[in-house]
Amino acid sequence: MELTYFSHSAFQIKTNDGIIILIDPFFTGNPTCPISVEEVKADYIVLTHAHGDHIGDAFTIAKKYKSKFICVNELANYCADKGFEAHNMHIGGGYNFDFGRVKFTIAHHGSKTPDGEYAGEPAGVILTIDGKSVYHTGDTGLFYDMKLIGEMNPIDYMLLPIGDNFTMGIDDAVKAVELANPETAIPIHYNTFPVIEADPMEFKSKVEANGFNCKVMKYGETIEL
Ligand code: NI
Ligand code: MN
C-alpha cells in the first residue's frame, strides 16, 4: 500500500488493489496542505473525531465520490443524518472491510462537530492493510494504554501528534512511541497553526536516541509501506 501525508492529521492510503482511504481530510483552510480538495478522491473516509481540522472537507469529497464513512457510532450517525453512507463502529471494535481491517482505540481529547453536535468519543484508529498496520492515534494526550494497544496490535507505522497545546507535545510523543513500540513513528499535527509549532527533527532525534525509527514525511510525500 501507499501512504501519502497531506500535513496536519490528513493522510491517504492507497491499497494494492487501488482502493483509496482518506483519514481526517483537512484541505480547505489548512495552510500547510500542498494540494486542494479538488485533487483528491476517496472510496472510504475514516474520521478520528469531529473537530473542524479533522472532518475538514469530508462532506465535499463524499458527496462527489459517494465515499463511505468509517467512524465511531455517534459521528457515523451524524454523517448518515447528512445523507452519507457510513459504517458505525466503536472503540475497541474491529471490522474486516474489503480493503483490510479497521479497529478503533481510545484517544484522550474532545469531539463536537463544527455545527455544534455531539459526535461521541474521539478515537484513534488502527488500519491493517496489505500486511502492514498503521496506528493513527488521532488527537490525544499521552496514555499508558498505548502499551496495551501495541501489545495486542503490533504496529508498523505509528502516526502521532507532536504539536502540543491540543495534543501531546514532543516529549510525551517520544514516550508514546516507547509504549506502543511501532516499527516506525511518523509525527503529525504540528506547524499547521502558530499555537502548535513544533520541530519534527527534534522529535526524530529524540525518538532515535530512544532506540526507535522515525520518518518525518514531507507535506505531499508518498511512501510505500
Ligand atoms: Ni481535535
Ligand atoms: Mn486537531
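Preceding this section is the structure that the text describes.
About the criteria used
- Along each chain, residues carry numbers from 1 onward, in the same order as the chain's sequence is written.
- To label them, take the chains in the order written and letter them from A, then take the ligands in the order written and number them from 1.
- Given that this is a predicted model, residues contribute local features only at a pLDDT of at least 70 and side-chain atom pairs are listed and counted only at 80 or more, while totals for whole chains, interfaces and linings are drawn from all residues.
- The basis for the side-chain values is all heavy atoms of the structure; hydrogens and waters are excluded.
- The donor definition counts N, O and S atoms within 2.8 Å of each metal and applies 3.2 Å to Na, K and Ca; water is not among these atoms, so some sites may look incomplete.
- Residues belong to a common nonpolar core when they are buried Ala, Val, Leu, Ile, Met, Phe, Trp, Tyr or Cys residues joined through side-chain atoms within 4.5 Å.
- Throughout, exposure labels follow a simple rule: accessible area from a 1.4 Å probe, protein chains only, divided by the maximum for the residue type, with under 20% read as buried, over 50% as exposed, and the rest as partly exposed.
- Secondary structure elements follow DSSP: runs of H or I no shorter than four residues count as helices, runs of E no shorter than two count as strands, and numbering proceeds from the N terminus.
- Only heavy atoms matter for contacts: two residues are in contact if any of them lie within 4.5 Å across the pair.
- In these descriptions, tetrahedral denotes four donors with every angle between 85 and 135 degrees, square planar four donors and octahedral six donors with opposite donors over 155 degrees apart and the rest between 65 and 115, and irregular any other case.

Brief notes about the coordination of the manganese ion (ligand 2)
Part 1 of the reasoning: On the protein side, the manganese ion (ligand 2) has Asp53 (OD), His54 (NE2), Asp139 (OD) and His189 (NE2) as donor atoms, found 2.1 to 2.3 Å from it.
Part 2 of the reasoning: Each donor residue of the manganese ion (ligand 2) belongs to the same chain, with the gaps between them written as D-H-x84-D-x49-H.

A short note on the nonpolar core
Nonpolar side chains tend to gather and get buried jointly when the protein is soluble and globular.
Part 1 of the reasoning: With 77 residues, the main nonpolar core has Phe99, Leu127 and Phe203 as its most contacted residues.
Part 2 of the reasoning: Looking at which element gives the most residues to this core, the answer is helix 5 (residues 170-180), with seven residues.
Part 3 of the reasoning: Setting aside chain neighbours within four positions, we find phenylalanine 99 in contact with Thr15, Ile19, Ile21, Tyr44, Ile70, Leu127 and Ile129.

Details of the coordination of the nickel ion (ligand 1)
In an ideal octahedron of six donors the angles at the metal are 90 or 180 degrees, and in an ideal tetrahedron of four donors they are 109.5 degrees.
Part 1 of the reasoning: Looking at the nickel ion (ligand 1), one finds its protein donor set to be His49 (NE2), His51 (ND1), His109 (NE2) and Asp139 (OD), positioned 2.2 to 2.3 Å from the metal centre.
Part 2 of the reasoning: Around the nickel ion (ligand 1) sit four donor atoms, and with donor-metal-donor angles ranging over 87 to 176° the site reads as irregular.
Part 3 of the reasoning: Read in sequence order, the donor residues coordinating the nickel ion (ligand 1) give the pattern H-x1-H-x57-H-x29-D.
Part 4 of the reasoning: Between the two metals, the nickel ion (ligand 1) and the manganese ion (ligand 2), the spacing is 3.2 Å, and aspartate 139 donates to both.

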